[in-house]
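Summary of structural features
One letter stands for each residue in the lines below.
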Amino acid sequence: MKKKCLDCGTEIKGRADKKFCSDYCRNAYHNNANKDSNNLIRNTNNRLRKNYRILDGYTLKDGKTTTTKAKLQNKGFYFDFITSLYTTKKGAVYFFVYDLGYLPLDNDVYMIVKREQ
């Protein structure tokens, strides 16, 4: 019984456990299998990545800094895209994008923080 390439279907020569005829077919097969099947997922991941880069661009002193809502918006920050919330005992709600977060303060000022690991 002759084995066929999982991507292109050509006959495979070589080792008995070989699944692809070439590196090109192996990469094409896995790229196709692992691509985001849905634009919503891809767009959400891109927005989270962009938000993270924007927050990471701020220099933190003692683990925090402040900025304005307008500055974040001008950089393209999407306030609707976060990965988690953290509520303190006093009721303050921090919005996190992975390990970087922000806390809305008065007058459209935001405190940016880094979560302790």
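First, a word on what this report is: a plain description of the structure on this page. Quantities reported herein were computed from a predicted structural model and do not represent experimental measurements.

Conventions we followed
Residues numbered from 1 in each chain as written. Predicted model: local features only at pLDDT ≥ 70, side-chain atom pairs only at ≥ 80, totals over all residues. Heavy atoms only, no water. Pairing = 2+ DSSP bridges. Helix = DSSP H or I, 4+ residues; strand = E, 2+ residues; numbered from the N terminus. Axes fitted to C-alpha atoms, helices over the stretch in contact; angles between N-to-C directions. Contact = heavy atoms within 4.5 Å. Core = buried A, V, L, I, M, F, W, Y, C linked by side-chain atoms within 4.5 Å. Buried < 20%, exposed > 50% of the residue type's maximum accessible area, 1.4 Å probe, protein only.

**Observations concerning the sheet that holds strand β3 (residues 93-97)**
Across a sheet, strands are paired by hydrogen bonds formed along the backbone, either parallel or antiparallel in direction. The strand order across the open sheet formed by 5 strands is β1-β5-β4-β3-β2, and the pairing between neighbours is antiparallel. The open sheet has two free edges, formed respectively by β1 (64-68) and β2 (84-87), since each of these has just one partner strand. Taking the axes of each pair of neighbouring strands and ignoring which way they run, one obtains an average angle of 30° across the sheet. Sheet topology places β3 next to strand β4 (residues 100-104); 3 bridges connect them, and they run antiparallel. Note that in β4 the partner of phenylalanine 95 across the bridge is tyrosine 102. Of the strands in this sheet, β3, β4 and β5 (109-114) touch helix α2 (residues 39-56), which is tilted by about 80° from β4.

**Some points on the environment of cysteine 8**
Inspection of the secondary structure assignment puts cysteine 8 in the segment before α1 (23-34). In this structure, the C-alpha to C-alpha distance between cysteine 8 and arginine 26, residues 18 residues apart in sequence, is 9.7 Å. Aside from chain neighbours lying at most four places away, what touches cysteine 8 is Cys21 and Cys25.

**A closer look at the nonpolar core**
Formed by Leu48, Ile54, Leu55, Tyr58, Leu72, Phe77, Phe81, Val97, Leu100, Tyr102, Tyr110 and Ile112, the largest nonpolar core amounts to 12 residues. At the level of secondary structure, the elements contributing two or more residues to this core comprise α2, β4 and β5. A total of 3 residues in this core trace back to one element, the largest contributor, which is α2. Residue contacts for leucine 48: discarding those within four places in its chain leaves Phe81, Ile82, Thr83, Val97 and Tyr98.

These figures come from the coordinates and say nothing about function on their own.
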